[in-house]
Amino acid sequence: MVLEATMICIDNSEWMRNGDYSPSRFQAQADAVNLICGAKTQSNPENTVGVLTMAGKGVRVLVTPTSDLGKILACMHGLEIGGDMNLAAGIQVAQLALKHRQNKKQQQRIIVFAGSPVKHEKKVLEMIGRKLKKNSVALDIVNFGEEDEGKTEKLEALLAAVNNNDTSHIVHVPAGTNALSDVLISTPIFTGNGEGGSGFAAAAAAAAAGGVSGFEFGVDPNLDPELALALRVSMEEERARQEAAAKKAAEEASKQEKGGEQQASSQDATMTERASASASEAETKTNDMMDDENALLQQALAMSMDDPAINQEAKDTDMSEAASDDPELALALQLSVADSSKDSSSQSDMSKLLADQSFVSSILASLPGVDPNDPSVKDLLASMQNQSEQKNDDKKPPSEEEKK
Amino acid sequence: MACLHDHSCEDHDCSTDWSLYKHIDLSKVSALNEARPGSVKSVFKAWEERLNSSGEHLESNEGDPELLVFIPFTSDVKIKSISIVGGADGTSPTKMRAFINRDGIDFSDAQSMQAIQEWDLAENMQGVLEYQTRYSKFQSVGNITLHFPDNFGADTSKIHYIGLKGEATQLKRDVVATIVYEVMPNPSDHKTRAESGGGFSHVE
């Protein structure tokens, strides 16, 4: 909240036609000037800001230091690009304009936008810097645009001559996707010597960060409460709609359960549908039972079953191999899922898994001391399959009764 | 420390003569071309401590011996004389120029304007020299600006103490007691007792 009179020196030379800062160097500069004026007047209502141009026919003061933001913004219109920037004269005229400020209690500050090459000698700039320091004028330099050899060095020397107790700063803005104003917002030019940032600067930074700012839906509820509320309501509606659609798919899939059960391929197909339905159901279940300890297990199951749905052959073996590496874990997962869920579909999922010949045989193959070609094992397999079919038959009538 | 006047200091307390430092508005004291911002406040202290240079002192920037000190007072004062204790080895100022009741003077102003009085200073390490003012010109001083353009040849100028001797009048300059702003002045709002007492004059 320091009381300050600021003079902004704009570079409107021919070099500003370049488009390496979007939309053009001059436009980027104008945006930055608008932001700075806003920030200064907001941080202290008695602050004044003035603007002058350094190129064109000569150094011209567009508006003397004033706290009227409208006047400052209006004078930025209709500025012509042309000529060559005269940095030394610009700074000296700015110093003169500040000397005749109305409120002598204001601190003096000059902000220079140095976009074109600096043609003055380093000694001349240092002398100007010393004179500014002697009259306790602070200087902020925005180095952008042309990357001349020696330009950075000259500007750093100027800053070193002016700098008194870290009140002056220099900012180098390279060309790129970031807008000039966005880069400047985070610099001490805006935040004012580490006072903690004015409220304007902080809000502008939040807006510039965009939807990444951490607000829900990327809209600040403070800025636009109605929009935020509308977005939230529509999100709820969409979620409810998706849940209803998932339940419908589950019903249809369980009806298909009765039909395609004999062949492994149809089993796979139903398993696919079951898998997708159960995956969505698992998702909805996980949404509903977030607090449930088995939610994570269900998610793991859904994910592991999602893979066969996507790429049957490869993923089937992958999953079975993975499960066969630790068949007890897989079975335990399925059992726990079967225990916790009341839905018949997942139980039949488990039985489906067991009924899957290839899966079971690979499990048995991994077990030590078991030879799948052993006739006793084959009998066991066949009996298991019968059992699973009976189980399904048993489950179907009760499931039908449930659905009735 | 010996005083210039020929009597022993037990008779009266010399420090009271120099007590104008109590009337200085220290928070608003400022200086231009000082190396450390705010160090100018350390040169205003009691007379007894004028040689106590253990604390900070006012020093100018490297390579530039010019100094400008702005001293506002809490009330109008009459200044009889000024004492300056400079630094050693040529850092003492050689000249002093004073401006009265001017706000916001900077170096270009100071160099171009006519000072109200100028003095040539000597090296005053013991603080016994005082420079008399033309008293008639220093009668109601609200603030004084001292400009030290040069020193005895060193790179920087150092000042350890500035003492002002005089009287404080307890008056304040241009203090407006009460202001009533009116959009439309209405004389009937400002009836004096004489008018309301029974005059014939009556303004609508």
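Just so it is clear, the model here is predicted, and its values are computed rather than measured.

## Considering the overall build of chain B
Argument step 1. Of regular secondary structure, chain B possesses three helices and eight strands.
Argument step 2. Counted from the first residue to the last, chain B has its helices and strands arranged as α-β-β-β-β-α-β-β-β-β-α.
Argument step 3. Within the span of chain B, comprising 204 residues, buried residues form 46% of the whole.
Argument step 4. In chain B, once contacts between residues fewer than 6 apart in sequence are set aside, the share between residues at least 24 apart is 80%.
Argument step 5. Carbon and sulfur atoms provide 50% of the accessible area of chain B, an area that totals close to 11100 Å².

## A look at the environment of A:Leu125
Residue and element names in this part refer to chain A.
Argument step 1. Looking at the element boundaries, Leu125 is found in helix H4 (residues 122–134).
Argument step 2. Take Leu125: its relative accessible area is 0%, and that puts it in the buried class.
Argument step 3. For Leu125, the contacting residues outside a window of four places in its chain are Leu87, Val118, His120, Lys154 and Leu158.

## Comments concerning unusual backbone geometry
Argument step 1. The amide bond that connects A:Ser22 to the next residue, A:Pro23, takes the cis arrangement and shows omega of -10°.
Argument step 2. Among the structural elements, A:Pro23 can be located in the loop between strand S1 (4–10) and helix H1 (25–43).
Argument step 3. Backbone geometry at B:Asp89 places phi at a positive 60°, although glycine is not the residue there.
Argument step 4. Looking at the secondary structure, you find B:Asp89 in the loop between strand S3 (67–86) and strand S4 (95–100).

## As for the sheet that holds strand S5 (residues 137–143) of chain A
Residues and elements named next belong to chain A.
Argument step 1. Pairing in this open sheet of six strands is mixed, and the strands run S3-S2-S1-S4-S5-S6 from one edge to the other. Of all strands in the sheet, those with a lone pairing partner are strand S3 (60–66) and strand S6 (169–172), marking the two edges. For this sheet, the mean inter-axis angle between neighbouring strands, taken without regard to orientation, is 10°.
Argument step 2. In the sheet, strand S2 (residues 48–53) pairs with S3 via four bridges, with the strands oriented antiparallel. Bridging from a neighbouring strand, Leu52 pairs with Val61 of S3.
Argument step 3. Sheet strands touched by H1: S1, S2 and strand S4 (107–114). Its angle to S1, the strand with the most contacts, is close to 175°.

Definitions and limits used
- Residues numbered from 1 in each chain as written.
- Chains lettered and ligands numbered in written order.
- Predicted model: local features only at pLDDT ≥ 70, side-chain atom pairs only at ≥ 80, totals over all residues.
- Heavy atoms only, no water.
- Helix = DSSP H or I, 4+ residues; strand = E, 2+ residues; numbered from the N terminus.
- Buried < 20%, exposed > 50% of the residue type's maximum accessible area, 1.4 Å probe, protein only.
- Contact = heavy atoms within 4.5 Å.
- Areas by Shrake-Rupley, 256 points an atom, 1.4 Å probe, with all protein chains shown as cover.
- Pairing = 2+ DSSP bridges.
- Axes fitted to C-alpha atoms, helices over the stretch in contact; angles between N-to-C directions.

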